[in-house]
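Each chain is listed here by its residues.
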Amino acid sequence: MKFEFYLPVEVIFGVGSLNRLGEVARRFGFKAILVTGRQSARKSGALEKAIDSLKRHGIKEVLVFDEVEPNPTDTTVNQLSRLIVEEKVDFIVGLGGGSALDVAKASSLVSSNEGSAWDYVNYPEGPRLIPFLNRPVICVPTTAGTGSEVNRYSVISSPVRKEKMVISHSLNYPKAAIVDPELTVSMSRKLTAVTGVDAFMHALEAFTNRVEDTFADHLAITALSIIKEWLPIALEEPENLKARAQMSYAATLAGIAIDRKRVALIHGMEHPVSAHYPHVAHGEGLAALAPAVTEFNYRGNPEKYKVVAEVLGCGSEPHRAVDCVVRFLEKVGLLITLKDLGVEKEKLERLAEDVYLLARGLFLINPVEPSIEDIYKLYEKAYG
Ligand SMILES: [Fe+2]
């Protein structure tokens, strides 16, 4: 057994916990900026509730930056960072799905240090950042999937480079996460499915990759069994708060698991897809790739895939994990191909090259180390 654990994020979990936002925030200053997407937090009433809670606890000024797009870009992070500096904002609140949270976190790093967002992609840990100047971030997720509220990652796209990369740094953790399952009730069926599948893939990839971490394995396998049971219920009964709470809990566990263990080839192959096709939701891209990649991977770590098969209820043979993943995707309406998502066949070669150039860090921890030919073949298979 082997594990390391350090999570510098205060996590407040529970139905109604959004009301605690002001109480948590007051220690960070008087002037806040609330970072969110263009519509959903306003429409659901979450934005108003968040501002109310902040004001009730003595936060004097709350600016709203509501221009975060799906698959957010470095341009957005830079724009927000400039605003934060100009307005002398004390702290940042991210309210929304993974995009809003990732942008909120990255804007703290960029606005508190030198350079622009892309400088921090693949940025090594080291003394060049000035940690005590980083503005505090509070993350309030309104989906159950990303886990961004409890980890060090921000996924950022560059439309110019057509690349989607990860800022991964110990200074990119939020200070606090307020996880209120009630906020996820207003998600559409499709958003519930694609974000739930993202959490599922975090759990699956963290559990099966080659990083040794017993503690994170427990979190991941627990998350997997919860999602298998409760995502179908959340889809059928969107108002079922118990199902929503289970999904928020599982997404949190999986978010911590990938903080420790990272992900693997399904994520490594998805990022180029949504970098070249920004209309593709991250969870859809993962769903299209997962059956082929799981088929490729299970031989590399049969003991782990045996557990996956058992937990997902498909018997105890490692290869049965593949059937289980397919069955799960079918059940949540996401048994899809890259072709269904509008990916062009002639683009597959470029996607494979991108994985090889940009995501090689994941190759050694993937259950089976792939070659560029393997990756191309996997894209072909997932294309349908
Ligand atoms: Fe993900």
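This one's a predicted model, so the numbers in the text were calculated from it and none came from an experiment. (Residues numbered from 1 in each chain as written. Predicted model: local features only at pLDDT ≥ 70, side-chain atom pairs only at ≥ 80, totals over all residues. Heavy atoms only, no water.)

Novice: Give a detailed account of the overall build of the chain, specifying residues and quantitative values.
Specialist: In terms of regular secondary structure, the chain is built from 14 helices and eight strands. Against the compact-globule benchmark of 21 Å for 384 residues, the chain has a radius of gyration of 20 Å, which places it among compact chains. For the chain, the residues scored as buried account for 60% of the 384 residues in total. Here the analysis covers contacts within the chain between residues at least 6 apart in sequence; of these, 79% occur between residues at least 24 apart. (Helix = DSSP H or I, 4+ residues; strand = E, 2+ residues; numbered from the N terminus. Rg over C-alpha atoms; globule rule 2.2 N^0.38 Å. Buried < 20%, exposed > 50% of the residue type's maximum accessible area, 1.4 Å probe, protein only. Contact = heavy atoms within 4.5 Å.)

Novice: Account for the UniProt feature "domain: Fe-containing alcohol dehydrogenase-like C-terminal" (unreviewed entry) in the chain, naming residues and giving values.
Specialist: The sites that carry the UniProt feature "domain: Fe-containing alcohol dehydrogenase-like C-terminal" (unreviewed entry) are, in the present numbering, residues 192–383. This span, residues 192–383, is 70% helix and 0% strand, and a straight line between its end C-alpha atoms measures 24 Å. (UniProt positions renumbered as here; feature names shortened; annotations may be inferred.)

Novice: Quick one: what's the story with the sheet that holds strand β3 (residues 61–68), residue by residue and with numbers?
Specialist: As a general point, the strands of a sheet are linked pairwise by backbone hydrogen bonds and lie either parallel or antiparallel. Strand order in the open sheet formed by six strands is β1-β8-β5-β4-β2-β3, and the pairing between neighbours is parallel. With one partner strand each, in any of the chains shown, β1 (10–13) and β3 form the two edges of the open sheet. Across the sheet, the mean angle separating the axes of adjacent strands is 15 degrees when strand polarity is ignored. Two elements, strand β2 (residues 31–37) and β3, share six bridges in a ladder whose sense is parallel. Bridge pairing links V35 to F65 in β3. Strands β2, β3 and β4 (91–96) of the sheet are contacted by helix α4 (residues 74–86), whose axis makes an angle of about 165 degrees with β3. Running at roughly 165 degrees to β4, helix α5 (residues 98–111) makes contact with β2, β3, β4 and β5 (137–141) of the sheet. (Pairing = 2+ DSSP bridges. Axes fitted to C-alpha atoms, helices over the stretch in contact; angles between N-to-C directions.)

Novice: I'd love a proper account of the layout of surface pockets, names of residues and values included.
Specialist: When its volume is computed, the second largest pocket comes out at roughly 210 Å³. Lining the second largest pocket are 14 residues, with N134, S170, L171, Y173 and K175 positioned closest to its centre. Its residues placed into classes, the lining of the second largest pocket shows seven nonpolar, four polar and three charged. (1 Å grid on protein atoms, 1.4 Å probe; cavity = no way out; pocket = protein on both sides within 12 Å on 5 of 7 lines; lining within 4 Å. Points joined across faces, edges and corners; volume = space filled by probe spheres on them. Nonpolar A, V, L, I, M, F, W, Y, C, P; charged D, E, K, R; others polar.)

Novice: Tell me about empty space enclosed by the protein, and name the residues and values.
Specialist: Within this structure, the stated rule accounts for one cavity of 30 Å³ or more. By volume, the largest cavity is sized at about 30 Å³. Together, L204, E205, T208, I266, V293, T294, N297 and Y305 line the largest cavity. Going through the elements one at a time, α6 (189–208) and α10 (282–297) are the ones with two or more residues in the lining of the largest cavity. When the residues that make up the lining of the largest cavity are grouped by side-chain class, the tally is four nonpolar, three polar and one charged.

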